[in-house]
Amino acid sequence: HVQLVESGGGSVQTGGSLRLSCQVSGYLYGGNCLGWFRQAPGKEREGVASTHAYTGMTAYAETVKGRFTISRDNDKNTLYLQMNSLKPEDTGMYYCAADRFCPASVWVGRARRSDFGYWGQGTQVTVS
């Protein structure tokens, strides 16, 4: 029953900023783990940032730490990814994801695709 819809992607110049949104609906029985992933053409889908919906705990990939911020507005049922100081290497399709709980790999900043069972359709981010 969990549904996720991303928005906010687009084209931005190097050094610019974007804020992605993910509207979350439905309920994950037993908990709620949320995350952002990205995938460039021909590359593996990689974890960018993760958070627990209720505790607010966060984790980031080393490649985005200090530049990206993940947050959640529970009243609006919306997940955000604020992206600053964007680089061409940040270009890719960005997906939000959810599952019932966050495994240890998520908290160490090494979220894997297999950690999440529910996915949005993605929103394109292009940095040039």
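Our structure's up above, just so we're on the same page.
Right, let's walk through the structure included here. (Residues numbered from 1 in each chain as written. Predicted model: local features only at pLDDT ≥ 70, side-chain atom pairs only at ≥ 80, totals over all residues. Heavy atoms only, no water.)

## Concerning the packing of aromatic side chains
For step 1, the next point in the chain: In the structure shown here, the tally under the stated rule is four aromatic pairs.
For step 2, the next point in the chain: Between Phe37 and Trp119, the ring centres sit 4.9 Å apart and the planes meet at 70 degrees, which makes this aromatic pair edge-to-face. In this pair, Phe37 is assigned in strand β4 (residues 33-39) and Trp119 in strand β10 (residues 118-119), connecting sequence segments 82 residues apart.
For step 3, the next point in the chain: On the basis of relative accessibility, which here comes to 0%, the residue Phe37 falls in the buried class.
For step 4, the next point in the chain: When the centroid spacing of 6.4 Å and the interplanar angle of 85 degrees are considered together, the rings of Tyr95 and Trp119 count as edge-to-face. Of this pair, Tyr95 sits in strand β9 (residues 92-99) while Trp119 sits in strand β10, placing them 24 residues apart in sequence. (Phe/Tyr/Trp six-rings, centres within 6.5 Å; stacked < 30°, edge-to-face > 60°. Helix = DSSP H or I, 4+ residues; strand = E, 2+ residues; numbered from the N terminus. Buried < 20%, exposed > 50% of the residue type's maximum accessible area, 1.4 Å probe, protein only.)

## A word on the side chain of Arg38
For step 1, the next point in the chain: Tracing the chain through its elements places Arg38 in strand β4.
For step 2, the next point in the chain: A polar side-chain atom of Arg38 sits 2.8 Å from a polar atom in the side chain of Glu46.
For step 3, the next point in the chain: Polar side-chain contacts of Arg38 include one of 2.7 Å to the side chain of Asp90. (Polar contact = N/O pair within 3.5 Å; in protein donor to acceptor, adjacent residues only side chain to side chain.)

## Some remarks on the pattern of salt bridges
A side chain with one charge can pair with a side chain of the opposite charge if their charged atoms come near.
For step 1, the next point in the chain: All chains considered together, the criterion is met by four salt bridges.
For step 2, the next point in the chain: Two residues, Arg38 and Glu46, come together in a salt bridge whose shortest N-O distance is 2.8 Å.
For step 3, the next point in the chain: Its salt-bridge partner being Lys65, residue Glu62 comes within 2.7 Å of it at the nearest N-O pair.
For step 4, the next point in the chain: Here the salt bridges share partners, and the residues they tie into one network are Arg38, Glu46, Arg67 and Asp90. (Salt bridge = Lys/Arg side-chain N within 4 Å of Asp/Glu carboxyl O.)

## Details of the nonpolar core
For step 1, the next point in the chain: Residues Trp36, Val48, Phe68, Leu81, Met83 and Tyr94 are the most contacted members of the largest nonpolar core, which totals 26 residues.
For step 2, the next point in the chain: Elements that contribute at least two residues to this core include exactly β3 (18-25), β4, β5 (46-52), β7 (68-73), β8 (78-83), β9 and β11 (123-127).
For step 3, the next point in the chain: It is β3 that contributes the most residues to this core, four residues altogether.
For step 4, the next point in the chain: Each residue touching Leu81, except ones within four places of it in the same chain, is listed here: Leu18, Arg19, Leu20, Trp36, Val48, Ala49, Phe68, Thr69, Ile70 and Tyr94.
For step 5, the next point in the chain: Within the second largest apolar cluster, seven residues are counted, among which are Cys33, Phe37, Ala97 and Val106. (Core = buried A, V, L, I, M, F, W, Y, C linked by side-chain atoms within 4.5 Å. Contact = heavy atoms within 4.5 Å.)

## Focus on the pairing of β3
Regular strands place side chains that alternate from one sheet face to the opposite one.
For step 1, the next point in the chain: Direction of pairing for strand β1 (residues 3-7) relative to β3: antiparallel, over a ladder of five bridges. Bridge pairing in β3 links Gln3 to Ser25.
For step 2, the next point in the chain: Judged from the six bridges that link them, β3 and β8 form a sheet pairing that is antiparallel. Residue pairing in the sheet places Leu18 in a bridge with Met83 of β8. (Pairing = 2+ DSSP bridges.)

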